[in-house]
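# Structural description and commentary
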Amino acid sequence: MRRPPDHSLISPGHRGLVAAAAMTVLVAVGAGALAGLRTPAPRGVDAPAGQFSAGRAFGHVQAIAAAPHVAGSAANERVRTRLVDTLRGLGLAPEVQDAVSVQGGKPSADAGGVGVARVSNVVALLPGTAPTGRVFLVAHYDSVQAGPGGNDDAAGVATVLETARALTAGPRLRNDVVLVLTDAEEACLCGAQAFVDQHPLARGGGVALNLEARGHTGPVIMFETSADNARLVAAYARAPRPVGTSFGVEIYRLLPNDTDFTSFREAGFAGLNSAYIDGAAVYHAPTDTPATMDRRSLQQHGDNALALARDLGGRDLATLHAGGDATYFPLFGALMTYPGWLTWPLAVLAALAVGVLGWLARRRGLVSGRALAAGAALAPVPLVLAPLLAQAGWWVLTLIRPGYAALPIDPYRPLWFRVAVLALTAAVTLAWYALLRRRTGPATLAVGGLGWLAAVGLLLAAVAPGGSYLTVLPALAGALAACAAILLRPAWAGMAALVAGAAVAVVVLLPAVVLLFPALGLVTSGGAALLAALLGLAALPILDLLHPSETGRPESATDADRAAPRAAGRPGGRRARVRGALPALVAAVTALACVGLGLRLDRFDAAHPAPTHLMYALDADTGQARWLSRESAPRGWTANYVSGDPRSMADTLPGLGSVRLLSGPAPAADLPAPRLTVVSDTRAGDTRTLRLRLVPQRPVRLVTLHVDAATPVTAATVGGRHLPVDHPGPGRWGFGLVFHAPPAAGIEATLTVRASGPVILRVMDGSDGLTGLPGFRPRPADVGIVGSHTSELVAVARTLTV
């Protein structure tokens, strides 16, 4: 090798061979990093008693998810009976906690009011020998009304049951282990809230391990923690297959999502929240069946849960909260962790290292000050353009295949579309580099790219500390490697340093890209494209090897700028330009080919139906009925029922919240409206206290009650539980409540209002299933039901004046 004749950080001889060798090393490093995300082979039913067996756990999945079992249904009662019998068979003494509970977590736009539910949690205690605290294994056993919950959350419940069996097969642990199988998670997190608020075993807190699933495959990711998580993360890192990133925790905090873990965390429990999340097209849908489950994901769920239960069950839990937060990410099948207090020192060090690199490159004549400024200004182009094109690509896909817009976040088979996003990002980065390399110089773009990684790292350190490592570590490694490449002799040593620096970026960023795809889905593919573009900037010194070396070393960076256009005008320059553009062209063709392959392989059929949303609402006051849909525009099968533009139905159906709905006329069915009775009406000045009984006149999943916004509600109780009254309802309505799983005898609510005159109330009930309604025709085989809490809802509403 020889020192560079151009303005690259290094320019080896036999450039093609060196490029091939460097790429081979980085591909091998990337393959090793991704191999650490693989799920384990499932163990069979004959696995040793002390081990977790996905085969044994899957038997529970099949029984639990035999049919939809929404909270309050007869099917859910059958599941609960099986859980109790199973735990008794393990020699435990399970109890059923019957309670009325108020919604946990963040209210959503379609909540329609304060969530309340009648819940029946299943709770069992494995007593410890000398407890320093309690470890809680948590999963919810109810499903949505539209699907059987084969993954969400039969996977979590089966994991708890099989983990409990393995624990009872061995010696008792030091600490208590409490099994909490919650009810009504899908409705309002009310089961978990009832446990932390009302159950004696919740007093004093403890460590909660919540087990969830949002898809049907993929690695189990620990995506949420309590505060001061350093020692908890250290325990998780000792699990057999720990996968998680502190960046993921930062992302999850920005999403409008909650699980049962929210109730535990907000009640002061320490803990971890884990789920497998790939294959989200089945989420909450009829296709979420046991047959779709990847048992390797179930095995990983169980391996980690059992290891954590034993680890935390055997240690002094009183010391668990010390140590602050940790930064962590997957590393070749392990979990790399370091203290959160290092976030700012590392971010500043990375920025300083890039600054030293810029000074050194300028001192060696590789760049000029003006060129450095140009590089810094041009480096963000792929960071902006790649995500924008990725998002535009998803928009085009929804035009080609409109059913994609109704899926939760991903198509059924998203693999080739994800590869297309990566190829598109590569095409953007390579084309940008090819266009600017001769004008600004390779070293200029390399320094500018690392500068932007360092700048993003500083920004993340300020706003999302757990994600700062994503760019800080590649920037620091890349800057140190580039300095070494400039200083080291022989040149092969500098080349090795550059490969090592790029390898750090691959190890840090590639798993994050792969994990971000299922986390945010193709609907937000710009996020993965952004991380991939950052990886491209970090690897620019290696990507430069794909370009031919310049001839004739200019005296200065300014001379290089003048010489490049002249070289490009010569025949050799044109050939070099074509050769430099070839990688970008290959990447672009690959992106298009992957899109075509994805569209060919991912077609809607009976096993992968196009999701549709439809519900029915009857206004008992007018006798008029409407078909309603949450789809953004009428199309396909749904267009037979709804038309026009979406609009709010909050004035007539406040129980559905403020979401905008498509609508169309429907035949009026013979359905009775819920009956509201005034049990008592006490007046004191301008204050009235109303005791109301709301009784559905048919089997229903929920009932709602709303008060006209002109009547302030100062206090409200249901089932002895006080409800918050400071959240205004949708449309013309003020306070409202949505009661899930109401008893057949109805619910009793007490409202204190400021009103001396009449009080206007709107009541509604909701059942599930459109079959049998006048005007409804069954869906074709390749048309399915979208995973929504209002899919197939049949609502009947009326207004009363008290």
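As shown above, the structure is provided for reference.
Quick summary incoming for the structure in this document. Here the structure is a predicted model, which means the values were calculated and not measured.

## Regarding the nonpolar core
Judged by nonpolar contacts, the single largest core of 90 residues is most densely connected at Leu9, Tyr469, Leu470, Leu531 and Ile542. Of all the elements, helix α17 (residues 491-520) adds the most residues to this core, at 16 residues. Contacts of Tyr469, omitting those with residues within four sequence positions, involve Thr245, Ser246, Phe247, Thr327, Tyr328, Phe329, Tyr338, Pro474 and Val508. Counting residues in hydrophobic clusters, the runner-up holds 58 residues, among them Val79, Ala154, Leu167 and Leu179.

## Things to note about the side chain of Asp410
Tracing the chain through its elements places Asp410 in the loop between α13 (380-400) and α14 (415-440). Residue classification places Asp410 among the buried residues on the basis of a relative accessible area of 2%. One polar contact links Asp410 to Arg418, side chain to side chain, over a distance of 2.9 Å. A distance of 2.8 Å separates a polar atom in the side chain of Asp410 from the backbone nitrogen of Leu522. Not counting residues within four places of it along the chain, the set of residues in contact with Asp410 comprises Ala281, Arg418, Phe517, Pro518, Gly521 and Leu522.

## Re helix α1 (residues 15-35)
The terminal C-alpha atoms of α1 lie 30 Å apart, and with 21 residues this matches the ideal 30 Å at 1.5 Å per residue to within 8%. Contacts made by the buried residues of α1 are with α14, α17 and α19 (540-543).

## Here's the deal with the state of the cysteines
Across all of its chains, the model carries 1 disulfide by this definition. Put simply, Cys188 and Cys190 are joined by a disulfide, and their sulfur atoms are 2.1 Å apart. Measuring the twist about the S-S bond at about -130 degrees, one finds the Cys188-Cys190 disulfide to be left-handed. Look at Cys190 and you get buried, because its relative accessible area is 0%.

## Brief notes about the side chain of Thr398
Relative to the helices and strands, Thr398 resides in helix α13. A polar atom in the side chain of Thr398 sits 2.6 Å from the backbone oxygen of Trp395. Non-local contacts of Thr398, meaning those with residues more than four positions away in its chain, are made with Tyr404 and Ala405.

How each quantity is defined
Residues numbered from 1 in each chain as written. Predicted model: local features only at pLDDT ≥ 70, side-chain atom pairs only at ≥ 80, totals over all residues. Heavy atoms only, no water. Core = buried A, V, L, I, M, F, W, Y, C linked by side-chain atoms within 4.5 Å. Buried < 20%, exposed > 50% of the residue type's maximum accessible area, 1.4 Å probe, protein only. Helix = DSSP H or I, 4+ residues; strand = E, 2+ residues; numbered from the N terminus. Contact = heavy atoms within 4.5 Å. Polar contact = N/O pair within 3.5 Å; in protein donor to acceptor, adjacent residues only side chain to side chain. Expected span 1.5 Å × (residues − 1). Disulfide = S-S within 2.5 Å.

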